[in-house]
Amino acid sequence: MISFASAFRIKYGVLKSIKNNAIIIPTRTSRLTRYFRVSRIFLHTLLGITLAALVFPLSSKLFKLRLIKWWCRHLLEAFNIRLVSHGNLPPPYQTASNIMFVANHISWIDIHALNSIIPTRFIAKSDIQSWPVFGYLAKKSNVLFISREKRQDAARIVHATNRSLLDGDTLCLFPEGTTTDGTEVKPFKSSIMQGAIHANAVIWPVAFRYPLKDGSANTEIAYAGETTLIESIQLVLQQKETVVELHFLVPIATAELTDMDKDRRKLTLHIEHLIKDKLRL
């Protein structure tokens, strides 16, 4: 019988990185190691649910952000995911305000990786609400949900983005509207960028990358295509160590831009090119 991982690689044909005709496969964990990780993740998730249900309603905004950062950092540790950050790092969350990070999107790990550096309010697809456990935690962490299938929802989310930034929040937008396997960056959608422009926010491009030891893309880590959340988690558990790189590019102060440069389509395309250039895609 074919194992799940083997069948998945055969089906999608993108879960092996090839360089100089050599197949690069992430080092696999033992079954005992996976059981140990699962137990840590299970207990840590229960703790997250408890905090979200009992502590969040009684917490100040800053204390809630501190808990989110702590919880996400330890979740990465439970999965043995190593985070490496480069470039123009953001300020401490206690002083961050009116900032919108704009990034390419590869995995559910992206959210926890950024949160472990600076806790952020995410703009995400509405179907995340139906995810087991993580959907509940997303709602409790005040995620802004958007239904991309409904054109009329765009105006609502632009207004909500603008209001959130003016209130001093730090947001994150994945303008591709979907995930990739890390070997490409899909065209960025520009509508939500208007909310940040109206708020005179700082737009901070971030490039996510999951490298293997040889420097090629770790496509097994991608939560893309028809992969389910459970399948994606299983693939992460099978890797001995996963590395996620966050490249923080130069922030863009929209208040200092000319009226021409504030055009949302032009600005969105500029940010898309910045991220592609950084990832050499």
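This one's a predicted model, so the numbers in the text were calculated from it and none came from an experiment.

(A) Representation of the overall build of the protein within the structure. Along the backbone of the protein there are nine helices and ten strands. Across the 281 residues in the protein, those meeting the buried criterion constitute 50%. Partitioning the intrachain contacts of the protein with sequence separation of at least 6 by distance along the chain shows that 77% fall at a separation of at least 24. Surface accessibility of the protein: about 14,100 Å² in total, with carbon and sulfur atoms responsible for 57%.

(B) Structural context of a nonpolar patch on the surface. A cluster of nonpolar side chains, contributed by F42, L43 and L46, occupies part of the molecular surface with about 320 Å² of accessible area. We classify L43 as exposed; its relative accessible area is 58%.

(C) Region of the structure containing the packing of aromatic side chains. If you walk through the whole model with that rule in mind, you get six aromatic pairs. One aromatic cluster in this structure is built from F79, W108 and F134.

(D) Expanded view of the nonpolar core. If you look at the biggest cluster of nonpolar residues, it comprises 51 residues, and the most contacted ones within it are F79, F101, W108, L114 and F208. Here the element with the most residues in this core is helix α3 (residues 61-78); it accounts for eight residues. Leaving out residues up to four positions away in the same chain, F79 has contacts with R37, I41, W108, I233, V236 and L237. Counting 26 residues, the second largest nonpolar core, distinct from the first, contains L144, I157, L171 and I252.

Basis of the calculations
Residues numbered from 1 in each chain as written. Predicted model: local features only at pLDDT ≥ 70, side-chain atom pairs only at ≥ 80, totals over all residues. Heavy atoms only, no water. Helix = DSSP H or I, 4+ residues; strand = E, 2+ residues; numbered from the N terminus. Buried < 20%, exposed > 50% of the residue type's maximum accessible area, 1.4 Å probe, protein only. Contact = heavy atoms within 4.5 Å. Areas by Shrake-Rupley, 256 points an atom, 1.4 Å probe, with all protein chains shown as cover. Patch = residues over 30% accessible without salt bridge, like charges linked within 9 Å, V, L, I, M, F, W, Y side chains within 5 Å. Salt bridge = Lys/Arg side-chain N within 4 Å of Asp/Glu carboxyl O. Phe/Tyr/Trp six-rings, centres within 6.5 Å; stacked < 30°, edge-to-face > 60°. Core = buried A, V, L, I, M, F, W, Y, C linked by side-chain atoms within 4.5 Å.

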